[in-house]
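Now for the letters of each chain:
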Amino acid sequence: MATTSLQSLHTQSLLRQNHHHYSDTHSSSSLHSSVFLKPTTTTTTTTISLSYKLSPAHFTLFSTTSSSAATTTTPATTTSGNPVFELLEKHLASQDFRQADEETRRLIIVLAGEQAEKRGYVFFSEVQFIPEEDLLTMDKLWRQYSDGKFGYSVQKKIWEKQDEDFSNFFRKVGWMKKLDTEMEQYNYRAFPTEFIWELNDDTPAGHLPLTNALRGTQLLKYIFKHPAFETADGEVSDGEEQSVSDIMSAKPLSKKLFSTDYSF
């Protein structure tokens, strides 16, 4: 009886120990799983694409995860009727001829073609690729905001009056300065400090825009010979003046975005 009771107690004790061992093992296993289980995370990737307008200073951001678009202020209507020339017209209208000259150089490079843009300057053989309407529009803007004193067509007229002699042309438009020597001698002005960036009575006609001729005069010659300037003063062949907006509506302009390399 006592033996049976002791065996019963021993059996119950073993069962309790096994139960606790199972519980501890199960709890430890569960804890182990919960500690080392990698949490599930969800990463949402938002793709942003840029859709540029035809102005270097204006663009719109579109998000593929949103139905709404964040847009910048719509550029004001310009005389040219196309935002490609908005920055040039802005500088000219404010009489900031230094910046207008830089912007003109930038436009010439880009409009001459992809290779000129990658290179950062224009070969004279690439001038033919500049759309006539674009070149004529730039010239119209220069003449409009300088009272007819600046512009490629103004320069061409002076060049032709000098029998297409570039040395005489450079002196006439003030790109060369007279040296203080006994003999009459001239030297090229230093860029940009020695050039004239104000419009006044003493500013030579045709002084702007500048074209780098240090590597030769072929580039400037091909600009003057461009079909946009078939007549000396840049007028259309029938002699009637066209407004800038009329030129713009005649043919679509080149739709390109611009880099900031201003070198020729």
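Residues numbered from 1 in each chain as written. Predicted model: local features only at pLDDT ≥ 70, side-chain atom pairs only at ≥ 80, totals over all residues. Heavy atoms only, no water.

Quick notes on the overall build of the protein chain
Phase 1 of the analysis: A count of helices and strands for the protein chain gives nine helices and five strands.
Phase 2 of the analysis: Among the 264 residues that make up the protein chain, the fraction classed as buried is 35%.
Phase 3 of the analysis: Total accessible area computed for the protein chain in this model is approximately 16,200 Å², and 52% of it derives from carbon and sulfur atoms. (Helix = DSSP H or I, 4+ residues; strand = E, 2+ residues; numbered from the N terminus. Buried < 20%, exposed > 50% of the residue type's maximum accessible area, 1.4 Å probe, protein only. Areas by Shrake-Rupley, 256 points an atom, 1.4 Å probe, with all protein chains shown as cover.)

Observations regarding the side chain of Ser153
Phase 1 of the analysis: Relative to the helices and strands, Ser153 is located in helix H6 (residues 152–161).
Phase 2 of the analysis: Look at Ser153 and you get buried, because its relative accessible area is 1%.
Phase 3 of the analysis: In terms of polar contacts, Ser153 uses its side chain to reach the side chain of Arg143, at 3.4 Å. (Polar contact = N/O pair within 3.5 Å; in protein donor to acceptor, adjacent residues only side chain to side chain.)

Side note on the pattern of salt bridges
Phase 1 of the analysis: Summed over the entire model, instances satisfying the criterion amount to 11 salt bridges.
Phase 2 of the analysis: Residue Glu114 is joined to Lys118 by a salt bridge in which the shortest nitrogen-to-oxygen separation is 3.1 Å. Of this pair, Glu114 and Lys118 both sit in helix H4 (residues 114–119), four residues apart, which is roughly one turn of the helix. Accessibility classification places Glu114 together with Lys118 in one group, the exposed group.
Phase 3 of the analysis: Between Lys156 and Glu160 there is a salt bridge, with the nearest N and O atoms lying 4.0 Å from each other. On the criterion of helical spacing, the pair formed by Lys156 and Glu160 is a turn pair, its members being four residues apart in helix H6. (Salt bridge = Lys/Arg side-chain N within 4 Å of Asp/Glu carboxyl O.)

Focus: the packing of aromatic side chains
Phase 1 of the analysis: Taken as a whole and assessed by the stated rule, the structure comprises 18 aromatic pairs.
Phase 2 of the analysis: Considering the side-chain rings of Phe169 and Trp175, the 5.6 Å spacing of their centres and the 80° angle between planes classify their relative orientation as edge-to-face. No difference in accessibility class separates Phe169 from Trp175, as the two residues are buried.
Phase 3 of the analysis: Here the aromatic residues Trp159, Phe166, Phe169, Phe170, Trp175, Tyr188 and Phe224 are joined through ring pairs into a cluster of three or more.
Phase 4 of the analysis: Its end group placed over the ring of Tyr121, Arg215 keeps NZ or CZ at 4.9 Å from the ring centre. (Phe/Tyr/Trp six-rings, centres within 6.5 Å; stacked < 30°, edge-to-face > 60°. Lys NZ or Arg CZ within 6 Å of the ring centre and 35° of its normal.)

Examining helix H5 (residues 132–144)
Phase 1 of the analysis: If you check H5, its first and last C-alpha atoms are 18 Å apart, about what 13 residues at 1.5 Å a residue would give, namely 18 Å.
Phase 2 of the analysis: By the criterion of burial, H5 is predominantly enclosed, with 11 of the 13 residues buried.
Phase 3 of the analysis: All of the buried residues in H5 are Glu133, Asp134, Leu135, Leu136, Thr137, Met138, Asp139, Lys140, Leu141, Trp142 and Arg143. (Expected span 1.5 Å × (residues − 1).)

Looking at the packing of H5 against H6
Phase 1 of the analysis: Their axes nearest at 7 Å, the elements H5 and H6 cross at an angle of 85°. The angle between the axes of H5 and H6 places the two elements in the roughly perpendicular class. Between H5 and H6, the residues in contact are Leu135, Asp139 and Arg143 and Tyr152, Ser153 and Val154, respectively.
Phase 2 of the analysis: Here the residues of the contact of H5 with H6 are counted per class, giving three nonpolar, one polar and two charged. (Axes fitted to C-alpha atoms, helices over the stretch in contact; angles between N-to-C directions. Parallel < 35°, antiparallel > 145°, perpendicular 65-115°, else oblique. Contact = heavy atoms within 4.5 Å. Nonpolar A, V, L, I, M, F, W, Y, C, P; charged D, E, K, R; others polar.)

A closer look at the environment of Lys90
Phase 1 of the analysis: Structurally, Lys90 can be placed in helix H2 (residues 86–93).
Phase 2 of the analysis: Lys90 sits 10 residues away from Ala100 along the chain, and the two C-alpha atoms are 8.2 Å apart.

A word on the confidence of the model for the protein chain
Phase 1 of the analysis: Confidence along the protein chain averages 72 in pLDDT terms, with 56% of residues attaining 70 or more.
Phase 2 of the analysis: Within the protein chain, no element has a lower average pLDDT than strand S2 (residues 58–63), which sits at 29, and none a higher one than H6, at 98.
Phase 3 of the analysis: The low-confidence segment residues 244–264 (pLDDT under 50) makes 65 contacts with residues lying over four places distant or belonging to another chain. (pLDDT = per-residue confidence, 0-100.)

Thoughts on the packing of H2 against helix H3 (residues 97–111)
Phase 1 of the analysis: Axis separation between H2 and H3 bottoms out at 8 Å; the angle between their running directions is 160°. Here H2 is positioned roughly antiparallel relative to H3, judged by the angle of their axes. Crossing of H2 against H3: the hand is left-handed. Across from Leu87, Leu88, His91 and Leu92 in H2, the residues of H3 making contact are Phe97, Gln99, Ala100, Glu103, Thr104, Arg106 and Leu107.
Phase 2 of the analysis: Here the contact of H2 with H3 is built from residues that sort into six nonpolar, three polar and two charged. (Left-handed = near helix turned anticlockwise from the far one by under 90°.)

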